[in-house]
Amino acid sequence: MASTFGSLEIAKSGMMTYNAALQTTAHNIANVETKGYSRQTTNVTSLVSRSSSFMVQGSGVTVVNITRERDEYYDQKYQNTQSTYNYYLTEAHYLNDLQDKLCGSVVSKEKILLLDAFDDFYASLSSLKDAPGDGTIRKKAVTVAQTFVEYATTTATNLQQLQDETNEQIKTDVEEINGIAEKIVSLNEQINLIEAYGSIANDLRDQRSLLLDQLAQYCNVEYKEVEPANGIGGNQFYVYINGGTLVDNYRANKLVVNQKDTYTNINDIRGCYTISWADGTSFNPYSSTLGGELQALFEFRDGNNTSMLRGKLGNLTNNADGKLVMTLTGTNCNDARDLNIPAMDGELVIKNITYPYESFEAQVDANGNYTYVFTMKSDMDASSSLALQMALQNGYTVSAGVEVNSKGIPYYMTQLNEFVRTFAEEFNRIHNEGYDLNDNLGIDFFNARVPSNGSNYDFRESVDGVDFSFSSVSAPDANGVYVGSYYHMTALNFCVTDQIIEDPSLLACKTKLSKDEHVGNDNGDNLQRLLDLKSNSKMFLHGNPDAFLQSITATLGVNAEKANSMEESQGNLLYAIDNNRKSVSGVDEDEVGTDLITFRAMLNYQYKVLSVMNEVLDKLINETI
C-alpha cells in the first residue's frame, strides 16, 4: 500500500528537479555570448522506492547530473584546423610584409623598386655615351649609382628589421604558451577538487577547452585525460606539443627561450632566440609536427631553402693556442659569391650536435676546389672528443648552421647577396680594364664597407675562374688596406667606392684600341662594355641582371599568393567546423526560450499536485469521522 504522504514526496521531488532544470536553463541563457561555453543539460531519472510481486511503486523524479554538450571529435578537428589556419595566417602576414619591403608597394608611387633603381643607374650610364668626358654627367651617374646601392642596402636592412620582429614574436608566443600551460594546471586542480565530491565541473572544463583552442593557435596540440585505475583520486590530464609534454596534470613543463651567441647566416641579426624545455629536453623548432604560428615564425626567420654549406670532416687538430681546428672538404660551395656562412661566431652541426666556431679560412686550389678550415671556440683537444672522432672515422656530413626547407629571410638575403656580389665583380672586372680621364687604369667601382672602420676593401677577382684563398676576418696589410674576397661583400655593406664618389673623373669609360696606343681622348669604348653587362644573359642562372631581380620578386609573389590562398581556404574550413561544433555545444536562444517555458509549466504542475494533495489530506484528516 502506498504511503499516505507519498504523493507529497513525489511532488517535492518534481519541484526540486524542475527547479534545477530551470536554473540550468537560466545559466544557459546567461552564457549565450560567453566564448567557449557549452550548453548544459539537466539529466533526470525516475525514482523507485519499493516493489513487490504485484507492483512497483514509483517515488518521483531526481537529477542524475548536469552535463555539458560537447563533441570531442569537433574539438580536435577545430584545434587541428586552428593550428593550420594560424600557420598560413602568420606566413601570409610576413610574406606580404616582406613583399612590400623587397619589392615596394604597388600602390605607393613614392617607393622605388630595386629593379627600377638598377635601371635608373644604367640609364644614367647610357647618358654618358655621347659625352663620356662631361664632368656633370659623370657626377650624376655616380650619384644615381649611390641611389641604387642605397636602395639595395636599405632593402637588406629592412629584411633584418623584419627578422628581428619575427624573433621577438617568437619570444612573445613562448610566453603565451607558458601562460596557457599554467592556467591549465590551475584548472586541473580546481576540476579534480570539485569532481572529487561527485559533481561535474562543467564551466571549468569549458574554460580548459577554450585554453586548448587558444594554444592551438601557436602549435599543434594533443591531449588526453586518464581516469584513475582503481577509481580513487582525480583524473590525470596531459597536454603535448611538438613531441614533448607541456602539461603533466598538476605540473607545467615550460618552454625556455635563450638568445644565441652565434649566427646561422651571414646577415642574421644578433640574439636569435632558441627554445628548449625547462627540464632540459631539446626542442626542435623546425619539426613539421610543430605547426601553428610558432612554426611559421621559425621558418620565416630562419628559412634558407636548405642552401647551407655542407661537407665532410677532413681533419681535426689543435692550433698553437690550443683551440680545436676542423677542416671541411668536399663541400657543396666552391664560389665565394655563393658563400653565406657567418664570418665570425658561426656554428657547425654534426649529427645534431652544434660546435661554435670563431672564424674560418677558405683555401682554394688550382682547380677552384674549396677547403674550409674552421677555428672553433671550444678549447677541447681534438683527440678527446669521442663524437668528433666518430664523425671523422665515419665520414659524417657537416653543415654550417641548420638547413631549413623554407624560403624565409635568409633565403632572400642570400639572393640579394648573390646579385650584388656577382654584378659588382663583373662590373669591376670590366671597369678595371678601362681608363679614367687621367689615363689611369680603372679602380673598383663597387665596393663594400669594412665592419671595423667603414673603409673600402681591395677586392681580388678570380683568375681564370679560380678564386684566391681568403680568411673570413680580413686584416689590414702594412699599408692599412683590407684585402677582401667578394664573400666579404653583402647587400648590407654594398657601396660605391669612396674615391669615385669624391672624384667622378675616375669612372673608366675609355679603352686602348691597341696595345701600344696612348689612351688620349675619352672614346667611351669601355663604357659600352659596361652597358652591355645589363643584357649579359650568362651572368646569372636566370639570365641577365634584370631577369635575376625579376625572378626574386616572382618567387616571393608566388609564395605570398599561395599563403594568402591557403589562409583563406583554411579560414573558411575553420568557420565551417566551428559552426558544426556550435550546433552541438552552442546555446540556441529559441531552444532555451522553449525550455524556459516548458520547465516553468512543469514546475507549476508540481504546485498543482501539492494543492490537490493538500485538499485530499485535509478531507482525510480533518473531515473524516
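Residues numbered from 1 in each chain as written. Predicted model: local features only at pLDDT ≥ 70, side-chain atom pairs only at ≥ 80, totals over all residues. Heavy atoms only, no water.

Draft legend 1. Structural context of the nonpolar core. If you look at the biggest cluster of nonpolar residues, it comprises 99 residues, and the most contacted ones within it are Phe 121, Phe 148, Val 239, Phe 427 and Phe 446. Tallying contributions element by element places helix α4 (residues 135-195) first for this core, with 20 residues. Membership of the second largest hydrophobic core comes to 28 residues, among which are Leu 309, Met 326, Ile 341 and Ala 400. (Core = buried A, V, L, I, M, F, W, Y, C linked by side-chain atoms within 4.5 Å. Buried < 20%, exposed > 50% of the residue type's maximum accessible area, 1.4 Å probe, protein only. Helix = DSSP H or I, 4+ residues; strand = E, 2+ residues; numbered from the N terminus.)

Draft legend 2. Structural view of the pattern of salt bridges. Taken as a whole, this structure holds 28 salt bridges when the rule is applied. For Arg 205, the salt bridge identified is with Glu 195, shortest N-O distance 2.8 Å. Of this pair, Arg 205 sits in helix α5 (residues 202-215) while Glu 195 sits in helix α4, placing them ten residues apart in sequence. A relative accessible area of 13% places Arg 205 in the buried class. When the shortest N-O distance is used, the salt bridge between Asp 546 and Lys 534 registers 2.6 Å. Remark: Lys 534 occurs in the loop between α10 (525-532) and α11 (545-585) and Asp 546 occurs in helix α11; sequence separation between them is twelve residues. Classification of Asp 546 as buried rests on a relative accessible area of 14%. (Salt bridge = Lys/Arg side-chain N within 4 Å of Asp/Glu carboxyl O.)

Draft legend 3. Spotlight on the packing of aromatic side chains. Taken as a whole and assessed by the stated rule, the structure comprises 44 aromatic pairs. On the basis of an interplanar angle of 90 degrees and a centroid distance of 6.4 Å, the ring pair of Phe 148 and Phe 419 is categorised as edge-to-face. Within this pair, whereas Phe 148 is found in helix α4, its partner Phe 419 is found in helix α8 (residues 409-433), the two being separated by 271 residues in sequence. Of the two residues, Phe 148 and Phe 419, neither departs from the other in class, the shared state being buried. Through a chain of ring-to-ring contacts, three or more aromatic side chains come together here, namely Phe 118, Phe 121, Tyr 122, Phe 148, Phe 419, Phe 423, Phe 427, Phe 445, Phe 446, Phe 494, Phe 540 and Phe 548. One cation-aromatic arrangement involves Arg 208 over Phe 237; the distance from NZ or CZ to the ring centre is 3.8 Å. Cation over ring: Lys 224 sits above Tyr 238, and NZ or CZ is 5.8 Å from the ring centre. (Phe/Tyr/Trp six-rings, centres within 6.5 Å; stacked < 30°, edge-to-face > 60°. Lys NZ or Arg CZ within 6 Å of the ring centre and 35° of its normal.)

Draft legend 4. Spotlight on the environment of Phe 445. Looking at where Phe 445 falls in the secondary structure, it is placed in the loop between α8 and β15 (446-448). The exposure class assigned to Phe 445 is buried, which follows from its relative accessible area of 1%. Excluding its chain neighbours within four sequence positions, the residues that come into contact with Phe 445 are Phe 121, Ala 145, Phe 427, Asn 428, His 431, Cys 495, Val 496, Thr 497, Ile 500 and Leu 507. (Contact = heavy atoms within 4.5 Å.)

Draft legend 5. Region of the structure containing the side chain of Glu 426. By the secondary structure assignment, Glu 426 is in helix α8. A polar atom in the side chain of Glu 426 sits 3.0 Å from the side chain of Arg 429. If sequence neighbours within four positions are ignored, Glu 426 has contacts with Arg 337, Leu 533 and Met 539. (Polar contact = N/O pair within 3.5 Å; in protein donor to acceptor, adjacent residues only side chain to side chain.)

Draft legend 6. Broad picture of a negative patch on the surface. On the surface, Glu 33, Asp 588, Glu 589 and Asp 590 cluster together to form a negatively charged patch. Mapped onto the secondary structure, Glu 33 falls in the loop between α1 (6-30) and β1 (40-51). (Patch = residues over 30% accessible without salt bridge, like charges linked within 9 Å, V, L, I, M, F, W, Y side chains within 5 Å. Areas by Shrake-Rupley, 256 points an atom, 1.4 Å probe, with all protein chains shown as cover. Lys, Arg positive; Asp, Glu negative; His and termini not counted. Charge placed at Lys NZ, Arg CZ, Asp CG, Glu CD.)

Draft legend 7. How the structure looks around the environment of Tyr 370. Looking at the element boundaries, Tyr 370 is found in strand β13 (residues 370-376). Taking relative accessible area as the criterion, Tyr 370 reaches 2% and is therefore assigned buried. As a C-alpha pair, Tyr 370 and Asn 579 span 209 residues in sequence and 60 Å in three-dimensional space. Excluding its chain neighbours within four sequence positions, the residues that come into contact with Tyr 370 are Thr 331, Cys 333, Asn 334, Asp 335, Ala 336, Ala 362, Gln 363, Val 364, Asp 467 and Phe 470. A polar contact of 2.4 Å, which involves the side chain of Tyr 370, links it to the side chain of Asp 467.

Draft legend 8. Summary view of the pairing of strand β5 (residues 244-248). In the sheet, strand β4 (residues 236-241) pairs with β5 via four bridges, with the strands oriented antiparallel. Bridge pairing links Ile 241 to Gly 244 in β5. Where β4 folds back on β5, the antiparallel hairpin that results is connected by two residues, among which Asn 242 adopts a positive phi of roughly 50 degrees. Bridge count between β5 and strand β6 (residues 251-252): two bridges; the pairing is antiparallel. Bridging across to β6, Val 247 finds its partner in Ala 252. Hairpin connection of β5 to β6: two residues between the antiparallel strands, including Asn 249 at a positive phi of 55 degrees. (Pairing = 2+ DSSP bridges.)

Draft legend 9. Fine view of the layout of surface pockets. Roughly 720 Å³ of internal volume is contained in the largest pocket. Surrounding the largest pocket, 28 residues form its lining, Tyr 286, Val 349, Asn 352, Thr 354 and Val 402 being those nearest its centre. Broken down by class, the residue content of the lining of the largest pocket amounts to ten nonpolar, eleven polar and seven charged. (1 Å grid on protein atoms, 1.4 Å probe; cavity = no way out; pocket = protein on both sides within 12 Å on 5 of 7 lines; lining within 4 Å. Points joined across faces, edges and corners; volume = space filled by probe spheres on them. Nonpolar A, V, L, I, M, F, W, Y, C, P; charged D, E, K, R; others polar.)

Draft legend 10. Representation of empty space enclosed by the protein. The tally for this structure, following the rule as stated, stands at three cavities of 30 Å³ or more. One number sums up the size of the largest cavity: a volume of about 60 Å³. Forming the boundary of the largest cavity are Asp 335, Ala 336, Arg 337, Glu 425, Arg 460, Ser 462, Asp 467, Phe 468, Ser 485 and Tyr 486. In terms of residue class, the lining of the largest cavity is built from three nonpolar, two polar and five charged.

Treat this as a map of the structure, not an account of what it does.
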